[in-house]
Amino acid sequence: MRAAKLYDVKDLRVEDLADPNPGVDEVVVKVMACGVCATDVNMWRGTSDEGDFPFVPGHEWSGEIVEVGSAVRDYSVGDRVVGEVCTPCGECVNCKDGFAAEACMNYELYGFKPENPGGIAEFHLARANRLHRIPEGLSYEEAALVEPAWVAYNSIWEAGGGVGPHDRMVVFGCGPIGMLALLTGKAAGAPVIAVEPHPYRRRMASELGADVTVDPLAGDLEEQVRFHTGGRGATLVVECSGNDGARAGTLDVLANRGRIVLIGLGGSRKVPIDLDKAIFKGATIRGGDGSSFFLSKTLAFLSRGIVDVGRVITHRFPLEQVVNAFELGAAQGESSKIMILP
Ligand SMILES: [Zn+2]
Ligand SMILES: [Zn+2]
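Residues numbered from 1 in each chain as written. Chains lettered and ligands numbered in written order. Predicted model: local features only at pLDDT ≥ 70, side-chain atom pairs only at ≥ 80, totals over all residues. Heavy atoms only, no water.

1. Examining the pattern of salt bridges
Moving on, step 1. According to the stated counting rule, one finds 16 salt bridges in the structure shown.
Moving on, step 2. For glutamate 141, the salt bridge identified is with arginine 316, shortest N-O distance 2.9 Å. Placement of glutamate 141 in helix H3 (residues 140-143) and of arginine 316 in strand S16 (residues 313-318) is noted, with a sequence separation of 175 residues between them.
Moving on, step 3. The closest approach of N and O atoms between glutamate 222 and arginine 226, which form a salt bridge, is 3.6 Å. Taken together, the residues span about one helical turn, with glutamate 222 and arginine 226 both in helix H7 (residues 221-228) at a distance of four residues.
Moving on, step 4. Taking relative accessible area as the criterion, glutamate 222 reaches 28% and is therefore assigned partly exposed.
Moving on, step 5. Each of Arg2, Asp16 and Glu320 takes part in a single network of salt bridges with overlapping partners. (Salt bridge = Lys/Arg side-chain N within 4 Å of Asp/Glu carboxyl O. Helix = DSSP H or I, 4+ residues; strand = E, 2+ residues; numbered from the N terminus. Buried < 20%, exposed > 50% of the residue type's maximum accessible area, 1.4 Å probe, protein only.)

2. A few points about empty space enclosed by the protein
Moving on, step 1. Scanning the model with the defined rule gives two cavities of 30 Å³ or more in all.
Moving on, step 2. Looking at the largest cavity, its volume works out to about 60 Å³.
Moving on, step 3. When residues of the lining of the largest cavity are traced back to their parent elements, those giving at least two are strand S4 (60-68), strand S5 (80-83) and helix H4 (146-159).
Moving on, step 4. Take the lining of the largest cavity: its biggest share by element is three residues, from H4.
Moving on, step 5. When its residues are assigned to classes, the lining of the largest cavity shows eight nonpolar, two polar and two charged.
Moving on, step 6. In this structure, the second largest cavity encloses a volume near 30 Å³.
Moving on, step 7. As for the second largest cavity, its lining consists of Ala149, Ala152, Tyr153, Leu180, Leu183, Thr184, Phe301, Leu302 and Val307.
Moving on, step 8. Elements supplying a minimum of two residues to the lining of the second largest cavity: H4, helix H5 (176-187) and helix H10 (295-303).
Moving on, step 9. Counted by class, the lining of the second largest cavity contains eight nonpolar, one polar and no charged residues. (1 Å grid on protein atoms, 1.4 Å probe; cavity = no way out; pocket = protein on both sides within 12 Å on 5 of 7 lines; lining within 4 Å. Points joined across faces, edges and corners; volume = space filled by probe spheres on them. Nonpolar A, V, L, I, M, F, W, Y, C, P; charged D, E, K, R; others polar.)

3. Quick look at the domain arrangement of the protein chain
Moving on, step 1. Taken domain by domain, the protein chain comprises domain 1 (2-144 + 308-341) and domain 2 (152-287).
Moving on, step 2. Centre-to-centre, using C-alpha coordinates, domain 1 lies 29 Å away from domain 2.
Moving on, step 3. Domain 1 puts eleven residues into the contact, and the matching count from domain 2 is eleven residues.
Moving on, step 4. For the pair domain 1 and domain 2, the summed buried surface comes to about 970 Å²; carbon and sulfur atoms form 64% of the total.
Moving on, step 5. In this assembly, domain 1 and domain 2 are joined by zero salt bridges.
Moving on, step 6. Our count for the contact surface shared by domain 1 and domain 2 stands at two residue pairs in polar contact (both at pLDDT 80 or more).
Moving on, step 7. Per-class residue counts for the side of domain 1 that touches domain 2 are two nonpolar, six polar and three charged. (Domains from an automatic or database assignment. Contact = heavy atoms within 4.5 Å. Buried area = accessible area lost by both parts, 1.4 Å probe. Polar contact = N/O pair within 3.5 Å; in protein donor to acceptor, adjacent residues only side chain to side chain.)

4. Section: the pairing of S5
Moving on, step 1. Two elements, S4 and S5, share three bridges in a ladder whose sense is antiparallel. Its bridge partner being in S5, glutamate 64 is matched across the sheet by arginine 80.
Moving on, step 2. Two strands pair when backbone bridges link them, and S5 and strand S9 (residues 131-133) are joined in this way by three bridges, in the antiparallel orientation. The residue bridging valine 82 from the neighbouring strand is histidine 132, located in S9. (Pairing = 2+ DSSP bridges.)

5. Observations regarding the coordination of the zinc ion (ligand 2)
Moving on, step 1. For the zinc ion (ligand 2), the full set of protein donor atoms is Cys89 (SG), Cys92 (SG), Cys95 (SG) and Cys104 (SG), at a range of 2.3 to 2.4 Å.
Moving on, step 2. Classification of the site at the zinc ion (ligand 2) as tetrahedral follows from its four donor atoms and the range of 99 to 120 degrees in their angles at the metal.
Moving on, step 3. Sequence spacing of the donor residues for the zinc ion (ligand 2), all on one chain, is C-x2-C-x2-C-x8-C. Here cysteine 104 lies in the loop between helix H2 (93-96) and strand S7 (108-109) and cysteine 89 lies in the loop between strand S6 (86-87) and H2, a separation of 15 residues in the sequence. (Donors = N, O, S within 2.8 Å, 3.2 Å for Na, K, Ca; no water. Tetrahedral: all angles 85-135°; square planar, octahedral: opposite > 155°, others 65-115°.)

6. Here we look at the packing of helix H1 (residues 38-45) against helix H11 (residues 322-331)
Moving on, step 1. Two elements in contact, H1 and H11, have axes separated by 9 Å at closest approach and are oriented at 100 degrees. The orientation of H1 relative to H11 falls into the category roughly perpendicular. Between H1 and H11, the contacting residues are Asp40, Val41, Trp44 and Arg45 on the first element and Phe326, Glu327, Gly329 and Ala330 on the second.
Moving on, step 2. Here the contact of H1 with H11 is built from residues that sort into four nonpolar, one polar and three charged. (Axes fitted to C-alpha atoms, helices over the stretch in contact; angles between N-to-C directions. Parallel < 35°, antiparallel > 145°, perpendicular 65-115°, else oblique.)

7. Brief notes about the coordination of the zinc ion (ligand 1)
Moving on, step 1. On the protein side, the zinc ion (ligand 1) has Cys37 (SG), His59 (NE2), Glu60 (OE) and Glu147 (OE) as donor atoms, found 2.1 to 2.5 Å from it.
Moving on, step 2. Its four donor atoms give the zinc ion (ligand 1) angles of 84 to 159 degrees at the centre, a pattern that matches the irregular case.
Moving on, step 3. Positions of the donor residues of the zinc ion (ligand 1) along the chain correspond to the pattern C-x21-H-E-x86-E. Pair noted here: histidine 59 is in the loop between H1 and S4 and glutamate 147 is in helix H4, with a separation of 88 residues, a long-range link.
Moving on, step 4. When its relative accessible area of 5% is taken as the criterion, histidine 59 is described as buried.

And the structure:
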């Protein structure tokens with residue numbers, strides 16, 4: 001099969017690899033679409049050391065099962081599926097305490113190291129216990145958005161306590177996850193203010209339904225948000241940028257008793273934040289990421305037809321042009337979700 005393999009920083013090649021052979025509890029998936037994640041791009045350009053070279057990247061894949069191992073009971077050839085990014089060990093204390101897979105102390109990640117290849121390839125080998133069926137009516141490209149959508153959906157509904165028409169929501173950072181947070185808020189009837197310095201991404205946020213877009217570099221952000229919320233501030237702030245100023249600004253724009261969900265990673269930098277505001281406002285601050293408990297809920301959300309999730313995709317590349325796709329992603333400019341179509 002043809003597959004993309006990341007050998008080192010800026011050394012991504014498309015080459016012939018052996019076709020995968022399923023073990024008893026595994027399936028082979030013909031990959032139909034695989035999203036390029038900021039994490040993939042950051043490992044390629046050397047701004048993330050999450051990966052362990054060399055490996056086949058890609059954890060946002062969707063596809064069709066073409067082969068099943070002898071002990072697989074619930075899936076058959078022809079099933080349309082997506083897969084979880086990691087599998088838990090089932091043995092550690094966090095697994096025993098019933099936490100989701102990503103809290104496991106020995107979890108296995110796919111698309112980050114040599115022994116667990118990812119989905120930027122013609123075929124992907126997956127243990128059946130990672131799989132979820134794609135609901136009818138959801139295309140392969142839409143289904144491949146489930147991983148970033150899942151981060152936004154879980155962060156808002158679990159970590160953020162949900163969202164409703166009574167909320168006043170602010171999203172910092174309009175990359176793909178910020179856009180999916182915006183769609184989640186709009187689907188629940190909340191007015192959404194999108195904060196984003198890049199004009200292309202602000203325009204895209206407006207097109208996807210943001211009630212107001214704000215350039216954080218043009219004037220006082222707290223004043224701008226107060227102006228658009230009748231002086232009250234935001235009841236739910238979803239921080240997707242990882243930017244130091246944005247992180248510090250979350251407490252400035254927050255209403256009394258508001259909730260902040262932090263999603264965007266900031267490279268482990270320490271950021272000066274006026275935490276007195278958290279005390280006086282009675283703020284709830286939570287971290288948000290994907291949770292395996294929320295993947296099927298997110299698939300249900302995407303399949304209801306209430307948001308046009310495919311509009312988050314701005315570019316598509318064939319497998320052979322994966323380097324161009326990564327270069328475009330690294331430019332962080334006029335693109336949102338980039339899909340590889342093997
Ligand atoms: Zn991702
Ligand atoms: Zn575990």
